[in-house]
Amino acid sequence: DQAMYRSKDNGRNTYQFYLEGMEPNASNRLELMHELNQAVKKNQFVVYFQPQICLADHRVIGVEALVRWNHPTRGLLTPYHFLNEAEEFGLLSQIDQLVMAEAFATGRHWHESGYDDLVISVNMSQHLFNQANVVEVIKAMLKTSGIKPKNVLIEITENVALSQVAHAKKIIDDFHAIGVKVALDDFGTGYSSLSQLRNFPFDSVKIDQSFIRSSTGDDLDAAFVESIIHMAKLFHFDVVTEGIETQSQLAFVKEKHADIAQGYLIQKPAPKDRVRLVLLDDLHGDSPAT
Ligand code: C2E
Ligand code: MG
Ligand code: MG
Ligand code: MG
């Protein structure tokens, strides 16, 4: 039902939201804009969560909140189908806030049911991050949800961090001042080097999954992942490895002393009532990705 048109002009290599046989033209862009506006107004977004485990003991130490759009006729859509457009249409900051409200409320519920150290990670768009009142927005969300700041982590990409360096460093400091952690997401996909980023007070660095994917097949990627881990640790960042799909990838990042892992092998993103927050002991075996 949906054709995937790879967009070549936005450099993000993501998919655009157009029906099969439909040319991406002005008229269906308008329709999508209208639908996305409605989606924000009616909050048609659903939050999925993906666990992150501590590599030392396979304890679930956090979950990343990932947005889905429950489209009225097309079903559940992943970010690839609408996020770029939402950003273009100026709706991403509002979507981020809807996701955060839901993620923080769910997190608080988990914290109260005994998972009191669980860290809730949320992705923050450039638009929201660069908003003058971003810290106030987060403070208000912490207050409304009742979640503890130390249980919240905000993920930004290197493009967001480097788009306004002085602002970014200040905002990260401000987040720290209210007790919230900050991670650098998708590291390695931009044009920056870790030495450019060492002056940013990130708590953790997430190595992009494209490197993890080839790290067990490609010597150069393996060396690359190993050196990023090594350097990130020199700069005192925690290292998160994303996109772990196989036992050998898990073994590799563990051997190279990454701290945290996330990926389909461990658990796919799922709605809140289907997320497993317990110790994931069975990863030692040859269990297939679920
Ligand atoms: P991300 O923040 O890097 O999130 C990780 C993405 O990798 C997620 O895709 C997740 O489902 C996927 N993933 C996790 N483990 C594996 C694996 O083992 N194999 C593979 N092939 N994929 C894996 P998803 O949910 O489609 O999200 C895509 C991107 O959309 C996210 O990348 C993030 O940049 C953005 N995003 C998601 N939710 C939000 C949000 O609420 N706000 C903003 N601003 N961006 C969001
Ligand atoms: Mg992320
Ligand atoms: Mg990422
Ligand atoms: Mg990504």
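What counts and how
- Residues numbered from 1 in each chain as written.
- Chains lettered and ligands numbered in written order.
- Predicted model: local features only at pLDDT ≥ 70, side-chain atom pairs only at ≥ 80, totals over all residues.
- Heavy atoms only, no water.
- Buried < 20%, exposed > 50% of the residue type's maximum accessible area, 1.4 Å probe, protein only.
- Helix = DSSP H or I, 4+ residues; strand = E, 2+ residues; numbered from the N terminus.
- Pairing = 2+ DSSP bridges.
- Near = heavy atom within 4 Å.
- Polar contact = N/O pair within 3.5 Å; in protein donor to acceptor, adjacent residues only side chain to side chain.
- Areas by Shrake-Rupley, 256 points an atom, 1.4 Å probe, with all protein chains shown as cover.
- Nonpolar A, V, L, I, M, F, W, Y, C, P; charged D, E, K, R; others polar.
- Donors = N, O, S within 2.8 Å, 3.2 Å for Na, K, Ca; no water.
- Arc of directions from axis to C-beta.
- Expected span 1.5 Å × (residues − 1).
- Contact = heavy atoms within 4.5 Å.
- Phe/Tyr/Trp six-rings, centres within 6.5 Å; stacked < 30°, edge-to-face > 60°.
- Lys NZ or Arg CZ within 6 Å of the ring centre and 35° of its normal.

Within an unreviewed UniProt entry, the label attached to the protein chain reads PAS domain S-box-containing protein/diguanylate cyclase (GGDEF)-like protein, and the organism entered is Streptohalobacillus salinus.

A. Quick peek at the pairing of strand S8 (residues 181-187). In terms of burial, S8 is largely enclosed, as five of its seven residues are buried. Alignment of strand S7 (residues 152-157) against S8, held across five bridges, turns out to be parallel. Within the sheet, the bridge partner assigned to Ile-156 lies in S8 and is Leu-184. Pairing between S8 and strand S9 (residues 204-207): three bridges, direction parallel. When the bridges of S9 are listed, Ala-183 appears paired with Ser-204.

B. Region of interest: the site of ligand 1. The full set close to ligand 1 counts 24 residues, and Arg-68, Asp-96, Gln-209, Glu-245 and Tyr-264 are the nearest of them. A distance of 3.1 Å separates a nitrogen atom of ligand 1 from a polar backbone atom of Val-67. The contact in question runs from a nitrogen atom of ligand 1 to an N or O atom on the side chain of Asp-96, over 2.7 Å. Summarising the interface, the protein chains cover 88% of the accessible area of ligand 1, which totals 800 Å² for the free molecule. Those elements that provide at least two residues to the shell around ligand 1 are strand S4 (60-71), helix H3 (92-112), S8 and helix H9 (209-215). With four residues, the single largest contributor to the shell around ligand 1 is S4. Class assignment of the residues belonging to the shell around ligand 1 gives a composition of nine nonpolar, six polar and nine charged.

C. Spatial organisation of the coordination of the magnesium ion (ligand 2). Distances from the magnesium ion (ligand 2) to its protein donors, namely Glu-64 (OE), Asn-123 (OD1), Glu-155 (OE) and Asp-185 (OD), fall within the range 1.9 to 2.2 Å. The sequence pattern formed by the donor residues of the magnesium ion (ligand 2) is E-x58-N-x31-E-x29-D. Between the two metal centres, the magnesium ion (ligand 2) and the magnesium ion (ligand 3), the spacing is 4.0 Å, with Asp-185 acting as a shared donor. With Glu-64 in strand S4 and Asn-123 in strand S6 (residues 119-123), this pair connects stretches of sequence that are 59 residues apart.

D. Examining the coordination of the magnesium ion (ligand 3) more closely. Those donors, Asp-185 (OD), Asp-186 (OD), Glu-242 (OE) and Glu-242 (OE), are the protein atoms that reach the magnesium ion (ligand 3), and they lie 2.0 to 2.8 Å from it. For the magnesium ion (ligand 3), the single-chain donor residues occur in sequence as D-D-x55-E. Residue Asp-185 is classed as buried on the basis of its relative accessible area, which comes to 6%.

E. Molecular detail of the environment of Gln-164. Tracing the chain through its elements places Gln-164 in the loop between helix H6 (158-163) and helix H7 (165-177). For the pair Gln-164 and Asn-130, spaced 34 residues apart in sequence, the C-alpha to C-alpha distance is 8.2 Å.

F. Up close: helix H11 (residues 247-255). Taken together, the buried positions of H11 are Gln-249, Leu-250, Phe-252 and Val-253. End-on, the buried residues of H11 take up no more than an arc of 160 degrees, which puts them together on one face. Backbone geometry just downstream of H11 places His-257 in the positive-phi region, at approximately 70 degrees.

G. Structural context of the pairing of S7. Counting buried positions along S7 gives five out of six residues, so the element sits mostly inside the fold. Bridge count between S6 and S7: four bridges; the pairing is parallel. Residue pairing in the sheet places Val-122 in a bridge with Ile-154 of S7.

H. Looking closely at H7. Spanning 13 residues, H7 covers 18 Å between terminal C-alpha atoms, matching the ideal 18 Å at 1.5 Å per step. Every buried residue of H7 is listed here: Ala-168, Ile-171, Ile-172 and Phe-175. The buried residues of H7 all sit within an arc of 100 degrees when viewed along its axis, so they share a single face. Facing away from the buried side of H7, by more than 90 degrees, are the exposed residues Ala-166 and Ala-177. Contacts from the buried residues of H7 go to helix H4 (126-129), helix H5 (134-145), S7, H6 and S8. Just downstream of H7 lies Gly-179, where phi reads positive at about 95 degrees.

I. Structural detail: the packing of aromatic side chains. Inspection of the entire model under this criterion finds nine aromatic pairs. Considering the side-chain rings of Trp-69 and Phe-82, the 5.5 Å spacing of their centres and the 80 degrees angle between planes classify their relative orientation as edge-to-face. Placement of Trp-69 in strand S4 and of Phe-82 in the loop between strand S5 (75-77) and helix H2 (83-88) is noted, with a sequence separation of 13 residues between them. Using a relative accessible area of 0% as the deciding quantity, one classes Trp-69 as buried. An aromatic cluster of three or more residues is present, and its members are Phe-200, Phe-202, Phe-235 and Phe-237. The cationic tip of Lys-169 hangs over the ring face of Phe-200; the distance from NZ or CZ to the ring centre is 5.2 Å. Sitting above the plane of the Tyr-264 ring, Lys-268 keeps its charged end 5.0 Å from the centroid.

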